[in-house]
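Next come the chains, spelled out residue by residue.
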Amino acid sequence: MVTLSTMIQTPSAWLDGKGPHAGIVLSSRLRLARNLAPIPFPARARKEQLNGVIQSVIAAARGASPLTEAGFFPMNDIAEMDRTFLVERHL
């Protein structure tokens, strides 16, 4: 599983700017839309409902083969410097 420590120690290969296509930049975004009719939106949901949503999303991601080794970083538990690191790496 990916951790912040391994991400810091091992920069992504695309950041080194080497290779035959180094001048080409490809950017993409992932949007996670929810389809959780019985669960209120975060401003109205109880803490246990929010935790249940997180657990459901993690379970679904683990079941998707491209995401089996993906890391999960709860933003409320991450230090400011680590959040800045993720933003700087566009992660």
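This text goes with the structure placed above it.
Quick look at the structure, then. All residue numbers refer to positions counted from 1 along the written sequence of the respective chain. Where totals are concerned, whole chains, interfaces and linings use all residues; where local detail is concerned, this predicted model gives features only for residues with pLDDT of at least 70, and gives and counts side-chain atom pairs only at 80 or more. Hydrogen atoms and water are omitted, and side-chain values are computed over all heavy atoms in the structure.

Okay, the pattern of salt bridges next. Here, a salt bridge means any Lys or Arg side-chain nitrogen found within 4 Å of an Asp or Glu carboxyl oxygen. Throughout the structure, instances matching the rule amount to two salt bridges. Of the charged contacts in the structure, one is a salt bridge between R46 and E48, with a shortest N-O distance of 2.6 Å. On the basis of relative accessibility, which here comes to 48%, the residue R46 falls in the partly exposed class. Note that E80 is salt-bridged to R83, the shortest N-O span being 2.6 Å. Of this pair, E80 and R83 both sit in helix α3 (residues 80-88), three residues apart, which is roughly one turn of that helix. Relative accessible area decides the class of each residue, using a 1.4 Å probe on protein chains only: under 20% of the type maximum gives buried, over 50% gives exposed, and in between gives partly exposed. We classify R83 as partly exposed; its relative accessible area is 28%. Secondary structure is summarised from DSSP: a helix means a run of H or I of at least four residues, a strand means a run of E of at least two, and numbering begins at the N terminus for each.

On to the side chain of Q49. On the secondary structure map, Q49 appears in helix α2 (residues 47-62). If we ignore the near neighbours within four places in the chain, the residues touching Q49 are I39 and P40. Here, two residues are considered to be in contact whenever any of their heavy atoms come within 4.5 Å of each other.

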